[in-house]
Amino acid sequence: MLQRIVTGVVSAALLMLVMFFRGWVIDIAIVLVTMLGCHEMHKAFLQAGLHPARGTVFGMALLMLPLYQLVGIVGIYLLGCSATLIIILQISLRKQPRWVDAAASLSVLVCVPVPLSMLYPILRIQPDMLGAVFVFLVFAIALLGDTFAYFVGVTLGKHPMAPEVSPKKTWEGAAAGLLGSVAGAVVVGMSGVALTPMPPLWHFLVLGLVGGTAGQLGDLSASLMKRFCGIKDFGTMFPGHGGMMDRFDSIIFVSYVLFGYCMVAKLF
């Protein structure tokens, strides 16, 4: 547990450092995280005997930033749609085409490049600091939810949530995780006022609830994927936590929620 805490503190410090510099630093950080996440998922699927379209997914991961800079938010839609069509075509033209390979490829696409590319427009919301606060909000909802769920689940958890998918997850931990996500969102909303004009506080309460739920579904989906692939963790990059995808599984799903909120609120 000590190793997990130390890794969490160091990761949070690195996140704060990247957010401080912003600009090209955070853009490059997103690209690196995306590439590592694609690599870990691809490796996991290979271990399960699947053969996803590695080149197409990695190519789209590299193109997402220049595509966004070229055509804006439309680039994200183009990324997802064009990659989907290319993957289906690529798998179909193989000597031994299998739908499971296409499904694995699409899973990587919708779990890594597409949601992480959504952070680019969020970062550029005006006024300038509002975008930075919202990106920090994504991490606050996901990471505080994970932290609350883990510690309450370990100490007080008695009722298994999905024992066939993740034996250690409990309903007590899930409830605590949701509380942590809401608390993180509200704290960010209250603190952000010192930096820039903010939406009403009740928006952050709702974002914490919806984002926290989405984050836990992301965690469950990653556990389901690991169970299918026969692995414990996606990697070993973060001692006590696992690989990049073990850390970003919930963050990715929260990104979808924040992007949707920004679209509905017409912040883009």
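Section: the packing of aromatic side chains
In total, this model carries five aromatic pairs according to the counting rule given. A centroid spacing of 5.9 Å and a plane angle of 80° characterise the contact between F134 and Y261, whose relative ring orientation is edge-to-face. Of this pair, F134 sits in helix α8 (residues 128-156) while Y261 sits in helix α11 (residues 244-264), and the two are 127 residues apart along the sequence. Take Y261: its relative accessible area is 16%, and that puts it in the buried class.

Quick notes on the pairing of strand β2 (residues 166-170)
Two elements, strand β1 (residues 160-162) and β2, share two bridges in a ladder whose sense is antiparallel. Paired with P160 across the bridge in β2 is T170. The turn joining β1 and β2, which pair antiparallel and follow one another in sequence, is formed by three residues.

Notes on the pattern of salt bridges
According to the stated counting rule, one finds seven salt bridges in the structure shown. One salt bridge in this structure joins R124 and D27, with 2.8 Å as the shortest N-O distance. Of this pair, R124 sits in the loop between α7 (119-123) and α8 while D27 sits in helix α2 (residues 23-47), and the two are 97 residues apart along the sequence. A salt bridge links D233 to K232; its shortest N-O distance comes to 3.6 Å. You can call D233 partly exposed: its relative accessible area is 29%.

A word on the environment of P97
The topology assignment puts P97 in the loop between α4 (74-92) and α5 (99-111). Counting along the chain gives 46 residues from P97 to H51, while the straight-line C-alpha distance between them is 9.9 Å. Discounting residues that sit within four places of it in the chain, P97 has contacts with I91 and S92.

Focus: the packing of α2 against α5
Relative orientation of the contacting elements α2 and α5 amounts to 155°, with a least axis distance of 10 Å. For the element pair α2 / α5, the angle class is roughly antiparallel. Our pair here, α2 against α5, has a crossing hand that is right-handed. Residue-level inspection shows C38, M41 and F45 of α2 in contact with α5, the latter providing A104, S107, V108 and C111.

Some remarks on empty space enclosed by the protein
Per the counting criterion, the structure on display carries three cavities of 30 Å³ or more. In this structure, the largest cavity occupies an estimated 70 Å³ of space. Forming the boundary of the largest cavity are M41, C111, G218, S221, A222, M225, F234, M245, D249, I252 and F253. Looking at the lining of the largest cavity, the elements with two or more residues in it are α10 (201-229) and α11. Split by residue class, the lining of the largest cavity holds eight nonpolar, two polar and one charged.

Cut-offs and rules
- Residues numbered from 1 in each chain as written.
- Predicted model: local features only at pLDDT ≥ 70, side-chain atom pairs only at ≥ 80, totals over all residues.
- Heavy atoms only, no water.
- Phe/Tyr/Trp six-rings, centres within 6.5 Å; stacked < 30°, edge-to-face > 60°.
- Helix = DSSP H or I, 4+ residues; strand = E, 2+ residues; numbered from the N terminus.
- Buried < 20%, exposed > 50% of the residue type's maximum accessible area, 1.4 Å probe, protein only.
- Pairing = 2+ DSSP bridges.
- Salt bridge = Lys/Arg side-chain N within 4 Å of Asp/Glu carboxyl O.
- Contact = heavy atoms within 4.5 Å.
- Axes fitted to C-alpha atoms, helices over the stretch in contact; angles between N-to-C directions.
- Parallel < 35°, antiparallel > 145°, perpendicular 65-115°, else oblique.
- Left-handed = near helix turned anticlockwise from the far one by under 90°.
- 1 Å grid on protein atoms, 1.4 Å probe; cavity = no way out; pocket = protein on both sides within 12 Å on 5 of 7 lines; lining within 4 Å.
- Points joined across faces, edges and corners; volume = space filled by probe spheres on them.
- Nonpolar A, V, L, I, M, F, W, Y, C, P; charged D, E, K, R; others polar.

Nothing here speaks to function; it is all geometry.
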